[in-house]
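Next come the chains, spelled out residue by residue.
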2 protein chains.
Amino acid sequence: MSTLTPAIDLSHHINQATQLRVPSPLKAIFKHMKTPGMISLASGLPHPSTFPFESLHVKVCAPDAKGIPGEKYTSTSSTTISVPKYPCVENEQNTLSIALQYSDATGSARLTSFMYDFTKRVMKPGYSDWQVLLHSGSTDGWSKVVSLMCEKDEYILVEEHTFSSAQAFWAPICKAAPVAIDHEGLIPEDLEDVLEHWDEKHPGSKRPHLLYTVPVGQNPTGATMGLERKKQIYDICVKHDVIICEDEPYYFLQFPRYVLPFQRCLPQPARYISEEEFVGSLVPTFLSLDYQGRVIRLETFSKTLGPGNRLGYFVCNPVFAERLLRATEVTTQTASGWSQAIVEQLIVSHWGHEGFLRWLMGLGDVYTTRRDWMCDLLSETFDLVSTGNSDELLAISKDSGKDGQKTPFFTFSPPRSGMFVYIKLHLEHTSSFKALKTEGEEDAENMWAQMFWESLIEEKVLLVPGDYYAPYIGRGQRVKPKPGVAFFRLAFCYESKEEMKLGIQRMGRVFAKYWDSEL
Amino acid sequence: MSTLTPAIDLSHHINQATQLRVPSPLKAIFKHMKTPGMISLASGLPHPSTFPFESLHVKVCAPDAKGIPGEKYTSTSSTTISVPKYPCVENEQNTLSIALQYSDATGSARLTSFMYDFTKRVMKPGYSDWQVLLHSGSTDGWSKVVSLMCEKDEYILVEEHTFSSAQAFWAPICKAAPVAIDHEGLIPEDLEDVLEHWDEKHPGSKRPHLLYTVPVGQNPTGATMGLERKKQIYDICVKHDVIICEDEPYYFLQFPRYVLPFQRCLPQPARYISEEEFVGSLVPTFLSLDYQGRVIRLETFSKTLGPGNRLGYFVCNPVFAERLLRATEVTTQTASGWSQAIVEQLIVSHWGHEGFLRWLMGLGDVYTTRRDWMCDLLSETFDLVSTGNSDELLAISKDSGKDGQKTPFFTFSPPRSGMFVYIKLHLEHTSSFKALKTEGEEDAENMWAQMFWESLIEEKVLLVPGDYYAPYIGRGQRVKPKPGVAFFRLAFCYESKEEMKLGIQRMGRVFAKYWDSEL
């Protein structure tokens, strides 16, 4: 096993305001409060007798409870976890008198330490002095990363279809430098091209030094970036001194390759024998390749324990972690004490590493089933044929038209992770699009997509139009759509199989109408 | 009853970045999701069957449980409140499947509505279209107010001793315009003076348009601003078009005037007969005077239900509320679902208005007792004599010195609210200070205070030095201390009476040493 080296100095990436942030003067006070025998008349902590809560009890699932995806489900093997107000045993840290009190902005030390060990085991970061710092969910985390690094009017590197809520934070202050993507996410050649020719194409603007990416289960495209692609992207970021923010809410929702129903073997074998095999099956992260400390990984419990926990964590180099902690002190302070106490009690005290991994394995199975539902249901309404371009499938009509041909509607790559199927509609054969082009409409693609979306809504099925994910390139302007295509995002995470079926049938009718085709 | 008018247009106070903030495109999606019969393949919500929590149970105190201040205390009349995963009755909104799901950034509608009604009853805002918006604690709230209104290098009006954590947020980007304070807080004449002569004294700098103030139980001074003073300050803010951010964590911790033990009648009468009498006893807020919508009130549950809830709310005009909501969407999203579910279940479902008010009345009693402990204990170690300047007391030695005189150490005003006693040390009679002055030390006051603080620590009693609260006036520079005085903050919220007694005795010994006096 090679010896890892510490992070290199990347402090020049920190923006001016963050450089000027001073530690809370109360830190000196906290230090002295720990002196044995000290009487503190210093701190403005309300006495826990003024908290009207005496104990907390949460009925939780066993880690291998899977339930029926999409059904209300009560685990038959549930346990109650409890957090008392005051310690029942000496030095007990997870009590309400501590969880509901002001604390250091680092939050629960036990939870942080658990996630550190978990990250070490699962991600194997590529340098030695990385740290874990809790945040209040990845939306909070990302806003702190932008506030750490970006100056006004700077450019941020993003996928050409980028997560809309992430860009909503920086859109009023920064601009997007979009990078082309395919079924594996960011295309290294395009990233290199954007950075290499930056000065020619953007004279007077600073070259971007922050890349925002969702490498696994990309939102909206569902793309998953493999190891080789990640190595190429990482090397380019080293060459051009770019910090990678790896936002990974869907990391543990990874699936086997999709197989069409008629090609599928039944019964399917169990995916994993052990937790180690599960860990080994996960695609390596940017963090694992990061020998310099230039990756900021955003982890969240939103997709694994529920979004309402508003709890997650950064994994990053110690210089960034210290500045992010300073920012945390003056904004969120800590994640909710209830969230921390419950998650700590569940995964640290009750489940442990093995239990948490078993829970994640179960989630992977749930989302595999759901991904299969959606793709299978698409294959019921449309014929799905391989395009020969990697895993890409083309959806065509089941029946031939008057010309003896089957109508091609859209292409998509069945995702290997995440929650989304992103479909690419080929508009050139629709009369409605041709009419818009004939009328000389410059924005024909978006106009057509809006019209199609409204027809879907009339048919009572709701998708997200692809233009929601078009990067803001400044002054409220967004990247123009590619000629002759439109995108829509379908989520397979929430609706029941029956609803999904009905939704896809409705969508099929709208396709048939617009393509003037039978299904 | 007069008819209230809506807020005037104050949108020119919103900074450029916030003006450019766009609503989330997903809003259009949310609208359609509510259409009956709609099948949504749009939203990326994890199905609640993937949340490993089945029910929540919290043992809570009865609203009139007071306990013994500062003792571990188990209420004899506790109840268990429960939140199920799925509705037990139709349309039940407070369930874990909702609380732990993504939600609109407005958070719990029932809790918001309850706090709206509560605010209307207790504060009686002075205009018609004010709104309530949840935040994740007042530190989060204040950071959002600064991010709403302030541009880089702007000045913010603050009390000349200002809450250190509040200024830690803006210190890297803005500067303080300090306003003099006395035992009632901000001095109107000084505020008028600062604003009236701004352009002369700060040529080229924009006149400040945001005032940050803690009107009740001011941190660190403990000052409470009466109604007349508030009217004067409000009128000045109208005249000069200043927005008032009223940060009020201690509003419900209000006390009767402090009476020295030997003047006290025993037994003391009960403070209030009814909830209405309690509400009537509270000093009116800036919000109640606000006929234009220029007050942003920061409310928090930190001092009333525990800081770890990380939950509070803004009360402000609808234009500010809409922009604060946009900022919430892209940062914290919502406060923790656990915090919201528990607080909603406790105060909305279980306590109701009357119960919540009774709980607050009880807290007022707890902190009155604690304030009295501290002042009584000061009167045991020192002699306290009136200075004739309002309620101000002078602490002098109990015994006369060789010259037959008692030594004067410090002055303070026993607080009428909050958690703090702020003592003002008169240094001119200490040989150590005289020595520093003789040596020509420019920063003699701070040097002396640091020395004194270290001596306190050696004696094992910890106070907060007053210079922690000195406003940052730009380039890392802070307001210089007044000549010949030093301040220290004593908190009476946390330590037991015995510890407080010991702490004040130790402090007394350090005073005696520095003043070369007997106690």
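What counts as what
Residues numbered from 1 in each chain as written. Chains lettered and ligands numbered in written order. Predicted model: local features only at pLDDT ≥ 70, side-chain atom pairs only at ≥ 80, totals over all residues. Heavy atoms only, no water. UniProt positions renumbered as here; feature names shortened; annotations may be inferred. Helix = DSSP H or I, 4+ residues; strand = E, 2+ residues; numbered from the N terminus. Rg over C-alpha atoms; globule rule 2.2 N^0.38 Å. Buried < 20%, exposed > 50% of the residue type's maximum accessible area, 1.4 Å probe, protein only. Contact = heavy atoms within 4.5 Å. Areas by Shrake-Rupley, 256 points an atom, 1.4 Å probe, with all protein chains shown as cover. Lys, Arg positive; Asp, Glu negative; His and termini not counted. Charge placed at Lys NZ, Arg CZ, Asp CG, Glu CD. Core = buried A, V, L, I, M, F, W, Y, C linked by side-chain atoms within 4.5 Å. Salt bridge = Lys/Arg side-chain N within 4 Å of Asp/Glu carboxyl O. Arc of directions from axis to C-beta. Axes fitted to C-alpha atoms, helices over the stretch in contact; angles between N-to-C directions. Parallel < 35°, antiparallel > 145°, perpendicular 65-115°, else oblique. Nonpolar A, V, L, I, M, F, W, Y, C, P; charged D, E, K, R; others polar. Pairing = 2+ DSSP bridges. Least-squares fit on C-alpha atoms with pLDDT ≥ 70 in both. Disulfide = S-S within 2.5 Å. Right-handed = clockwise from strand over helix to strand, strands pointing away.

Within an unreviewed UniProt entry, the label attached to chain A reads PLP-dependent transferase, and the organism entered is Rhodocollybia butyracea. Within the UniProt record for chain A, the comment given under Cofactor (unreviewed entry) is "pyridoxal 5'-phosphate".

We now examine the overall build of chain A. When helices and strands are tallied, chain A shows 16 helices and 21 strands. Its C-alpha atoms give chain A a radius of gyration of 25 Å, near enough to 24 Å, the size a compact globule of 519 residues would have. Once the C-alpha set of chain A is aligned to its principal axes, its extents read approximately 90 × 65 × 50 Å. Within chain A, the fraction of its 519 residues that count as buried is 61%. The contacts of chain A with a sequence gap of at least 6 include a subset with a gap of at least 24, amounting to 73%. When the accessible surface of chain A is totalled, it reaches about 19,700 Å², and 52% of it is carbon and sulfur. In chain A, 52 positive and 63 negative side-chain charges are present, and the distance between their average locations comes to 3 Å.

Residues Ile347 of chain A together with Ile347 of chain B are the most contacted members of the largest nonpolar core, which totals 290 residues. With 21 residues, the single largest contributor to this core is helix 13 (residues 337-381) of chain B. Not counting residues up to four positions away in its chain, the partners in contact with Ile347 of chain B are Leu111, Phe114, Met115, Phe301, Leu305, Gly352 and Phe356 of chain B.

This part covers the pattern of salt bridges. All names here are of chain A. According to the stated counting rule, one finds 56 salt bridges over all chains in the structure shown. Among the salt bridges present, the one from Arg358 reaches Asp64, with a minimum N-O distance of 3.9 Å. Remark: Asp64 occurs in the loop between strand 2 (53-60) and strand 3 (79-84) and Arg358 occurs in helix 13 (residues 337-381); sequence separation between them is 294 residues. A relative accessible area of 30% means that Arg358 is categorised as partly exposed. For Asp64, a relative accessible area of 49% translates into the label partly exposed.

Residues and elements named next belong to chain A. Regarding helix 14 (residues 431-438), the residues found buried are Ser432, Phe433 and Leu436. Taken end-on, helix 14 shows its buried residues confined to a sector of 100°, consistent with a single buried face. The exposed residues of helix 14 that point more than 90 degrees off its buried face are Ser431 and Thr438. Where helix 14 is buried, its residues meet helix 15 (444-458) and helix 16 (497-514).

Next up on the list: the environment of Ser431 of chain A. Residue position: Ser431 of chain A is located in helix 14. In this structure, the C-alpha to C-alpha distance between Ser431 of chain A and Thr407 of chain A, residues 24 residues apart in sequence, is 13 Å.

Residues and elements named next belong to chain B. Contact pair helix 7 (residues 188-196) / helix 9 (residues 227-239): the axes reach a minimum separation of 9 Å and the direction vectors enclose 10°. Taken together, the axes of helix 7 and helix 9 are roughly parallel relative to one another. Two secondary-structure elements touch here, helix 7 through Pro188, Glu189, Leu191, Glu192, Leu195 and Glu196 and helix 9 through Arg229, Gln232, Ile233, Ile236, Cys237 and Lys239. Of the residues contributing to the contact of helix 7 with helix 9, the split by class is 6 nonpolar, 1 polar and 5 charged.

Here we come to the sheet that holds strand 9 (residues 210-213) of chain B. All names here are of chain B. Pairing in this open sheet of 7 strands is mixed, and the strands run 4-12-11-10-9-5-6 from one edge to the other. Two strands bound the open sheet, and with one partner strand each, they are strand 4 (131-135) and strand 6 (175-179). On average, each strand axis in the sheet is tilted by 25° relative to the strand beside it, whichever way the strands run. Where strand 10 (residues 243-247) meets strand 11 (residues 295-300), 4 bridges bridge the pair, whose relative direction is parallel. Each bridged residue has a counterpart across the sheet, and for Cys245 the counterpart in strand 11 is Ile296. The strands touched by helix 12 (residues 318-329) are strand 4, strand 10, strand 11 and strand 12 (312-316); relative to strand 4, the strand with the most contacts, the crossing angle is about 20°.

This brings us to the relation of the copies chain B and chain A. Mapping chain B onto chain A leaves a residual RMSD of 0.0 Å; the transformation is a rotation of 180° accompanied by 0.0 Å of translation along its axis. In symmetry terms, the pair is related by a two-fold rotation axis. Taking the C-alpha atom as reference, chain B places His57 of chain B closest to the rotation axis, 2.5 Å from it. When the interface residues of chain B are mapped onto chain A, 100% of them again lie at the interface, so the same face is used by both copies.

Attention now goes to the state of the cysteines. Residue and element names in this part refer to chain B. Within the structure shown, the criterion is met by 0 disulfides over all chains. The structure places no disulfide on Cys493, whose sulfur is separated from the nearest cysteine sulfur, that of Cys375, by 13 Å. The class for Cys493 is buried, based on a relative accessible area of 0%.

Turning next to the side chain of His32 of chain B. Looking at where His32 of chain B falls in the secondary structure, it is placed in helix 2 (residues 26-33). Ignoring anything within four residues of it in the chain, the contact list for His32 of chain B reads Trp453, Ile457 and Leu462 of chain A together with Met38 of chain B.

Next up on the list: the pairing of strand 12 of chain B. Residues and elements named next belong to chain B. Where burial is concerned, most of strand 12 is hidden: 5 out of the 5 residues are buried. Burial along strand 12 is two-sided: Gly312, Phe314 and Cys316 and Tyr313 and Val315, pointing in opposite directions, are all buried. Note that strand 4 and strand 12 share 5 bridges and pair antiparallel. Bridge assignment links Leu134 to a residue of strand 12, and that residue is Tyr313. Both strand 11 and strand 12 contribute to a ladder of 4 bridges, which runs antiparallel. Directly across from Arg297, in strand 12, lies its bridge partner Val315.

This paragraph deals with the pairing of strand 5 (residues 155-159) of chain B. Residue and element names in this part refer to chain B. With 5 of its 5 residues buried, strand 5 lies for the most part within the structure. Neither face of strand 5 is exposed, since Tyr155, Leu157 and Glu159 on one face and Ile156 and Val158 on the opposite face are all buried. Inspection of the sheet shows strand 5 paired to strand 6 by 5 bridges, in the parallel sense. Bridge pairing in strand 6 places Glu159 opposite Val179. Regarding the hand of the β-α-β motif, the stretch spanning strand 5, helix 6 (residues 164-170) and strand 6 is right-handed. In this structure, strand 5 lies alongside strand 9, joined through 2 bridges in parallel fashion. Opposite Leu157, over in strand 9, you have Leu211 as the bridge partner.

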